[in-house]
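# Observations on the model geometry
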Amino acid sequence: GAVVSQHPSRVICKSGTSVKIECRSLDFQATTMFWYRQFPKQSLMLMATSNEGSKATYEQGVEKDKFLINHASLTLSTLTVTSAHPEDSSFYICSASGEDYGYTFGSGTRLTVV
Amino acid sequence: AQSVTQLGSHVSVSEGALVLLRCNYSSSVPPYLFWYVQYPNQGLQLLLKYTSAATLVKGINGFEAEFKKSETSFHLTKPSAHMSDAAEYFCAVSEGNQGGKLIFGQGTELSVKP
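Residues numbered from 1 in each chain as written. Chains lettered and ligands numbered in written order. Predicted model: local features only at pLDDT ≥ 70, side-chain atom pairs only at ≥ 80, totals over all residues. Heavy atoms only, no water.

## Side note on the pattern of salt bridges
Rule in force here: For this document, the term salt bridge refers to a Lys or Arg side-chain nitrogen within 4 Å of an Asp or Glu carboxyl oxygen. Helix numbering and strand numbering both begin at the N terminus, where a helix is a DSSP run of H or I of at least 4 residues and a strand a DSSP run of E of at least 2. Under the scheme applied here, a residue whose accessible area is under 20% of the maximum for its type counts as buried, over 50% as exposed, and between as partly exposed, the area being computed with a 1.4 Å probe on protein chains only.
Scanning the entire structure with this criterion turns up six salt bridges over all chains. Between E59(A) and K101(B) there is a salt bridge whose closest N-O contact spans 3.0 Å. Of this pair, E59(A) sits in the loop between β6 (57-58) and β7 (67-73) while K101(B) sits in the loop between β9 (87-94) and β10 (102-104), on two different chains. For E59(A), a relative accessible area of 22% corresponds to the partly exposed category. Measuring nitrogen to oxygen at the nearest pair gives 2.7 Å for the salt bridge that ties E64(B) to K58(B).

Below is the structure:
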């Protein structure tokens, strides 16, 4: 079946540094990638939608200069949290949508900014 | 615009008892509906999906859901709960056709008592 590999699973970084999270679709072409943020005991909040080769579409209230999304190929999308601060600490999850496989989620990245 | 409401943020059942997790949706177009399960610090796993075919959808791990247009509902059921079913469950609706962004409900935490 469809698999999306998300790395790292857990990262701790210092305030002011940047962190990159990768999502790879291993056995299908992901025409669209979605990036979500999830706070403890809460639902998933969509941050942005990206299509391969295009600029990402950000949801209202999400700072596009802070959360940089790149979808340069049909199998790879990255989310970079720039100048991270403690309030950016969260669980980030990607989801890939391809022609045949619906939505497949990565395993998530726990970001802690200290 | 689509939306999803999950009734009950927490449901507790005894092992072997019926599991019923409620989901109501709002959509101006025929919806695609999904149920996902999330274990702690993990991504989402698809349990089942409705894509305008049979209204009774069977999923993995003995779960099923029935699409009722008249009630705008898509409740998730399982005849007999197992301890391993304890997790967070999310109902979601796809905006537009399949491949559009997913709108998630608030989630329901299922506890299973021995």
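Continuing now.
## Focus on the interface of chain B and chain A
So the rule is basically this: Between two residues, a contact is recorded if the distance between any of their heavy atoms is within 4.5 Å. We define buried area as the total accessible area lost by two parts upon association, computed with a 1.4 Å probe and summed across both. Counting of polar contacts relies on pairs of N or O atoms within 3.5 Å, with two restrictions inside protein: one atom must be capable of donating a hydrogen and the other of accepting it, and residues adjacent in sequence are counted only when both atoms are side-chain atoms. Amino acids are sorted into nonpolar (Ala, Val, Leu, Ile, Met, Phe, Trp, Tyr, Cys and Pro), charged (Asp, Glu, Lys and Arg) and polar (every other residue, Gly among them).
Across the contact, 19 residues belong to chain B and 20 residues belong to chain A. With both chains or domains summed, chain B and chain A bury close to 1,400 Å², and 52% of this area falls on carbon and sulfur atoms. Linking chain B with chain A are two salt bridges. The interface formed by chain B and chain A includes six residue pairs in polar contact (both at pLDDT 80 or more). Its residues assigned to classes, the side of chain B that touches chain A shows six nonpolar, 11 polar and two charged.

## Here's the deal with the pairing of strand β2 (residues 10-13) of chain A
All names here are of chain A. To keep things clear, this is the line we draw: When DSSP finds two or more bridges between two strands, those strands count as paired.
On β2, burial follows the alternation: V11 and C13 on one face are buried, whereas R10 and I12 on the facing-out side are not. Where β2 and strand β11 (residues 109-113) come together, four bridges link them in parallel fashion. If you follow C13 over to β11, its bridge partner there is V113.

## Digging into unusual backbone geometry
For the bond running from H7(A) to P8(A), omega is -5 degrees, close enough to zero to count as cis. Tracing the sequence through the fold places P8(A) in the loop between β1 (4-7) and β2. For K41(A), which is not a glycine, the phi torsion comes out positive at approximately 60 degrees. Here K41(A) is to be found in the loop between β4 (30-38) and β5 (44-51). Among the residues examined, K41(A) registers a relative accessible area of 71% and is labelled exposed. In this model, N41(B) sits at a positive phi of 60 degrees, which is unusual for a non-glycine residue.

## A look at the environment of P30(B)
Residue and element names in this part refer to chain B. Along the chain, the position of P30 falls in the loop between β3 (19-26) and β4 (32-38). On the basis of relative accessibility, which here comes to 66%, the residue P30 falls in the exposed class. Between the C-alpha atoms of P30 and T108, which are 78 residues apart in sequence, the distance is 24 Å.

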